[in-house]
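One-letter residues, chain by chain:
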Amino acid sequence: MDKYNSKTSFQKWFSSINLNNLSEEAKNWMQQFNSYSKKLDFTTTIKVLLHAVYEELPSFREMDRSFMDRSLRQEIGIDSLCYSSLSRKIPEISQEVLMEIFAQLAQKVAKERPSSKTTSLQLVDSTTIPLNKTRFPWANFRKTKAGIKLHLNLCYLDKTNQYPEHFAITNAEEHDRNHFECLVDKTEATYVVDRGYFDYKLLDRLHNDGYFFVTRTKSNTTITVLEQIELVNPKTTDGQLISDQHVILGGGNNHVTERFRLVTVLTKGQRLLRIVTNRFDISPNEVADMYQARWQIELFFKHLKQNLAIKQLYSRSEQGAINQVILTLIATLLTYLVKIELNSVATLFQLKRSFHYLRFEPAEIWLERHRPG
């Protein structure tokens, strides 16, 4: 079978993007973008860039050299690439159009894997991408460092199914709490965050607005115990329950106005975790497990930084850097859509690793490697 007479793995991977379903504003922008491009129209440009971030190509020059591969030339549909032309293109791409593509893919995932209060968590955290101060003077961070920060809401369905749902990109000096609420949009969903987001007013506001939360108290948090709940099963997946209490947090002029729940856990590593939540409808063991699920967003950030081109930014411009981060998140959603179509337990990294060797082969060869059973 001629692999170019059938859908390749790359074509299968990319096929979840439907540019015809974007808004009229996005289509008008793409038409204008294409009118100034003889070779690098919008579709071709994002194919080249998605291939680059997914294959971890380190620079525009390496993208140029990659077109010595005849299979890549046939796949993308151009015979050559000029790195200087591509370097001019990435900052010109509309951030709003890329955000629409990301949202389109996230909605497609949500349709295939619907979430609810009882079946999913919203894991919120941020990660900093450090940059060279001289090369990226616009990325304010510290006196001797530059950097950008990715604020992310990762929808957690279970241990093998998580995907990025919402995000924001800022300079690294921005505090996490300043961008938390732009990632919160599902009433009755449970948002799991680390203690960097711990704030009395924020917890009150979340509770009163109809959101559930699970977070960790700070070491200096004042706690007033109102009621002690008897523990039925003190064992958790990562340690032992110490107590389950109804409490008021804070004191004086700085306190919460609502009664919350405090679950204290001693982990297997002998760490004492004081987990606060407004979920009174579940067991303390489930509260502990919800907080432990927060580790998955750390693993997702690790995947982005170790297995995709996100730490090595191609463009020195602010818009070019932001666009590259969005493209990286789009690439992860494209892979996750393949994963859920197969109903596979394979990790994103496992799918990516086999894709590297099979991206120009018939898609069935790639897919068969990861079909369950």
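Residues numbered from 1 in each chain as written. Predicted model: local features only at pLDDT ≥ 70, side-chain atom pairs only at ≥ 80, totals over all residues. Heavy atoms only, no water.

A. Layout of the overall build of the chain. When its secondary structure is counted, the chain shows 13 helices and 11 strands. For the chain, the C-alpha radius of gyration of 23 Å lies close to 21 Å, the compact-globule estimate for 373 residues. Overall size of the chain, expressed as C-alpha extent along the three principal axes, is 70 × 55 × 40 Å. Residues classed as buried in the chain amount to 53% of the 373 residues present. Across the chain, the fraction of contacts at a sequence separation of at least 24, relative to all contacts at a separation of at least 6, is 63%. (Helix = DSSP H or I, 4+ residues; strand = E, 2+ residues; numbered from the N terminus. Rg over C-alpha atoms; globule rule 2.2 N^0.38 Å. Buried < 20%, exposed > 50% of the residue type's maximum accessible area, 1.4 Å probe, protein only. Contact = heavy atoms within 4.5 Å.)

B. Inspection of the pairing of strand 2 (residues 146-158) at higher detail. Taken across its 13 residues, strand 2 has 12 buried, putting it largely inside the fold. Note: strand 1 (residues 121-131) against strand 2, 11 bridges, orientation antiparallel. The partner of Leu121 across the bridge, within strand 2, is Tyr156. In the sheet, strand 2 pairs with strand 3 (residues 161-171) via 10 bridges, with the strands oriented antiparallel. Within strand 3, the residue paired with Lys149 across the bridge is Thr170. (Pairing = 2+ DSSP bridges.)

C. Representation of the pairing of strand 11 (residues 272-277). The pairing of strand 5 (residues 212-216) with strand 11 spans three bridges and is antiparallel. From the neighbouring strand, Val214 faces strand 11, where its bridge partner is Thr277. Pairing of strand 10 (residues 260-267) with strand 11, which is carried by six bridges, proceeds in the antiparallel orientation. Bridged to Arg261 within strand 11 is Thr277. Taking the residues between adjacent antiparallel strands as the criterion, strand 10 and strand 11 are bridged by four residues, where Gln270 takes a positive phi near 65°.

D. Structural view of helix 8 (residues 200-208). Buried residues of helix 8: Tyr200, Leu202, Leu203, Asp204 and Leu206, and no others. Check the buried side of helix 8 and you find it contacts strand 5, strand 8 (239-251), strand 9 (254-255), strand 10 and strand 11. Where helix 8 begins, the capping side chain belongs to Asp199, and its oxygen is found 3.2 Å from the backbone nitrogen of Lys201. The first or second residue beyond helix 8 is Gly210, which carries a positive phi of 95°. (Polar contact = N/O pair within 3.5 Å; in protein donor to acceptor, adjacent residues only side chain to side chain.)

E. Broad picture of helix 7 (residues 95-112). With 18 residues, helix 7 should cover 26 Å at 1.5 Å per step; its first-to-last C-alpha distance of 26 Å lies within 8% of that length. Among the residues of helix 7, Val97, Leu98, Ile101, Phe102, Gln104, Leu105, Ala106 and Val109 are the ones counted as buried. In this fold, the buried residues of helix 7 make contact with helix 2 (24-35), helix 3 (42-54), strand 3 and helix 11 (318-342). (Expected span 1.5 Å × (residues − 1).)

F. Fine view of the nonpolar core. Formed by 99 residues in total, the largest nonpolar core has its most connected members in Phe42, Met63, Ile101 and Ile330. Considering each element in turn, this core owes the most residues, 15 residues, to helix 11. Residues contacting Ile330, with those up to four places away along its chain left out, are Ile17, Leu50, Leu98, Ile101, Phe102 and Leu105. Among the nonpolar cores identified, the runner-up in size contains 21 residues, and Ala189, Leu202, Leu249 and Val256 belong to it. (Core = buried A, V, L, I, M, F, W, Y, C linked by side-chain atoms within 4.5 Å.)

G. Spatial organisation of the environment of Gln350. On the secondary structure map, Gln350 appears in helix 12 (residues 348-358). On the accessibility criterion, Gln350 (32% relative accessible area) is partly exposed. Gln350 sits 20 residues away from His370 along the chain, and the two C-alpha atoms are 8.9 Å apart.

H. Examining the side chain of Ser344 more closely. Positionally, Ser344 belongs in the loop between helix 11 and helix 12. When near neighbours in sequence (up to four residues on either side) are disregarded, Ser344 contacts Lys339 and His370.

I. Quick look at the packing of aromatic side chains. In the structure shown here, the tally under the stated rule is 19 aromatic pairs. When the ring of Phe213 is compared with that of Phe260, the centres are 5.2 Å apart and the planes differ by 85°; the resulting orientation is edge-to-face. Residue Phe213 is found in strand 5, and its partner Phe260 is found in strand 10; the two are separated by 47 residues along the sequence. The class for Phe260 is buried, based on a relative accessible area of 0%. Taken together, the ring pairs in this structure connect Phe10, Trp13, Phe14, Tyr54, Phe355 and Trp366 into an aromatic cluster. (Phe/Tyr/Trp six-rings, centres within 6.5 Å; stacked < 30°, edge-to-face > 60°.)

J. Here's a closer look at the state of the cysteines. Tallying each qualifying case throughout the model produces zero disulfides. Here Cys155 is not cross-linked by a disulfide; its sulfur's nearest cysteine counterpart is in Cys182, at 16 Å. For Cys182, a relative accessible area of 49% corresponds to the partly exposed category. (Disulfide = S-S within 2.5 Å.)

K. Summary view of the pattern of salt bridges. For the coordinates displayed, the defined rule picks out 17 salt bridges. Between Glu165 and Lys186 there is a salt bridge, with its nearest N and O atoms 3.0 Å apart. With a gap of 21 residues between them, Glu165 in strand 3 and Lys186 in the loop between strand 3 and strand 4 (190-192) connect regions that are remote in the sequence. Among the residues examined, Glu165 registers a relative accessible area of 8% and is labelled buried. (Salt bridge = Lys/Arg side-chain N within 4 Å of Asp/Glu carboxyl O.)

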